Amino acid sequence: MKLGLAVGFLSISIACRKDVRASAGNGTRNGKRIAIIGGGVSGSFAAKYLADYDEGCSLDAVDLYEPSPISDFEQGKQHGIPSSGEPESDDDWQGSRVSSLTLHDGTVVELGASIIFDGNKLVVDMIKEDPDLVMGRPMTPGAEKETALHGQASKHGFGIYGGTGEWMMTSSDPRSWVRTLKLLWRYNLDLIKMDRVASRALKSFDLIYELLASTHPASFLQSADELWDAVGLLNPAKISFDAFLDAIGVCNEVQWWRKLLPQQGCIRSELLTAANINNYNQNNEEMNGLAGLVSF
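Since we're looking at a predicted model, the values are computed, not measured. (Residues numbered from 1 in each chain as written. Predicted model: local features only at pLDDT ≥ 70, side-chain atom pairs only at ≥ 80, totals over all residues. Heavy atoms only, no water.)

## Notes on the packing of helix α7 (residues 176-187) against helix α8 (residues 189-213)
At a minimum axis distance of 6 Å, the contact between α7 and α8 shows a crossing angle of 115 degrees. With respect to their mutual orientation, α7 and α8 come out roughly perpendicular. In this structure, α7 contributes Leu183, Leu184 and Tyr187 to the contact, and α8 contributes Leu189, Asp190, Leu191 and Ile192. (Axes fitted to C-alpha atoms, helices over the stretch in contact; angles between N-to-C directions. Helix = DSSP H or I, 4+ residues; strand = E, 2+ residues; numbered from the N terminus. Parallel < 35°, antiparallel > 145°, perpendicular 65-115°, else oblique. Contact = heavy atoms within 4.5 Å.)

## Concerning a nonpolar patch on the surface
A surface patch of nonpolar side chains, amounting to about 510 Å² of accessible area, comprises Trp177, Leu181, Leu184, Leu189 and Ile192. Taking relative accessible area as the criterion, Trp177 reaches 52% and is therefore assigned exposed. (Patch = residues over 30% accessible without salt bridge, like charges linked within 9 Å, V, L, I, M, F, W, Y side chains within 5 Å. Areas by Shrake-Rupley, 256 points an atom, 1.4 Å probe, with all protein chains shown as cover. Salt bridge = Lys/Arg side-chain N within 4 Å of Asp/Glu carboxyl O. Buried < 20%, exposed > 50% of the residue type's maximum accessible area, 1.4 Å probe, protein only.)

## Some points on the environment of Gly112
On the secondary structure map, Gly112 appears in the loop between β4 (108-111) and α5 (121-129). Through-space distance from the C-alpha of Gly112 to that of Asn278 is 5.3 Å; in sequence the pair is 166 residues apart. Excluding residues that lie within four positions of it along the chain, Gly112 makes contacts with Arg97, Val98, Ile277, Asn278, Asn279, Tyr280 and Asn281.

## Details of α7
With 12 residues, α7 should reach 16 Å at 1.5 Å per residue; the first-to-last C-alpha distance of 17 Å fits that figure. Along α7, the residues classified as buried are Val178, Leu183, Arg186 and Tyr187. Buried positions in α7, seen along its axis, are confined to an arc of 145 degrees and lie on one side of it. Directly after α7, the chain includes Asn188, whose backbone phi takes a positive value near 55 degrees. (Expected span 1.5 Å × (residues − 1). Arc of directions from axis to C-beta.)

## Re the pairing of β4
For strand β3 (residues 99-102) and β4, the ladder comprises four bridges, and the chain directions are antiparallel. Its bridge partner being in β4, Ser100 is matched across the sheet by Glu110. In sequence, β3 turns back onto β4 through a hairpin of five residues, with Gly106 there showing a positive phi of about 95 degrees. (Pairing = 2+ DSSP bridges.)

## Focus: unusual backbone geometry
The backbone of Gln263 shows a phi angle near 60 degrees, a positive value even though the residue is not glycine. As for its placement among the helices and strands, Gln263 is situated in the loop between α11 (241-248) and α12 (268-280). In the Ramachandran plot, Asn281 falls in the positive-phi region, its phi being about 60 degrees despite a non-glycine side chain. Checked against the element boundaries, Asn281 lands in the loop between α12 and α13 (289-295).

## Some thoughts on the pattern of salt bridges
In the structure shown here, the tally under the stated rule is six salt bridges. Residue Glu270 pairs with Arg186 through a salt bridge whose shortest N-O separation is 2.8 Å. Residue Glu270 is found in helix α12, and its partner Arg186 is found in helix α7; the two are separated by 84 residues along the sequence. Both residues of the pair, Glu270 and Arg186, count as buried. Note that Asp242 is salt-bridged to Arg268, the shortest N-O span being 3.1 Å. A residue pair is termed long-range when its members are at least 10 positions apart, and Asp242 in helix α11 and Arg268 in helix α12 qualify at 26 residues. One network of salt bridges, in which partners are shared, links Asp242, Asp246 and Arg268.

Nothing here speaks to function; it is geometry throughout.
See below:
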């Protein structure tokens, strides 16, 4: 889907630049070439908005770069999950943050791109503009499976699987307060700490749209770092999620006194790691602090 978006967005710029490339065929270039590293949502959107703003067709080219496909074996090894060794083809490759992992028992696990934060208005608006895309509700099997069930109740919920035949935690109780209590009992103060920090970060994230809507000279920023600094999110955007968790004091392991209690767990190695592999196909060391907070 990610590269599909990129191709769709770049087709706009290609159509716009036909005359420019024709003139460049004589050995002269009238515009600039832009390289975009990464064909995910950010890279695709960058290509789209460059094409939208290039009304005068001043760009010679927008080149999108993505890493090569890696095998299921390497993908599983990265996350400590036993899997088959069949590599993905170039046609199936969707970027490093998206993967279909086939386990030894044949189960296919989809990693990455599982959710879109509804507060990301640019992405949501883009989805709504595309009639071929449908937004599903969280904690459901998806629109197609819901239609196939013909209104039948489907079992859904939340669980963390360790990969050794044992579920670290499950919660399929439909009452949200029961799920909350189970999480709070297992992760204690670290859960409250994460919730508060994430809530503050998302409020700061909303300030981006105020800057985009403003015409004040101070709202026109020169770099991503200036943007994150303006909304108070530069620090989590510049360090790994692991380093960010260290900075706010989230434990690396279950404290000794909690080991005396039943059903205790480490939020960093369980909930946060599982959420990030599921949502971003990356572990805590590979993603920045801001992405980790959004994932949580």
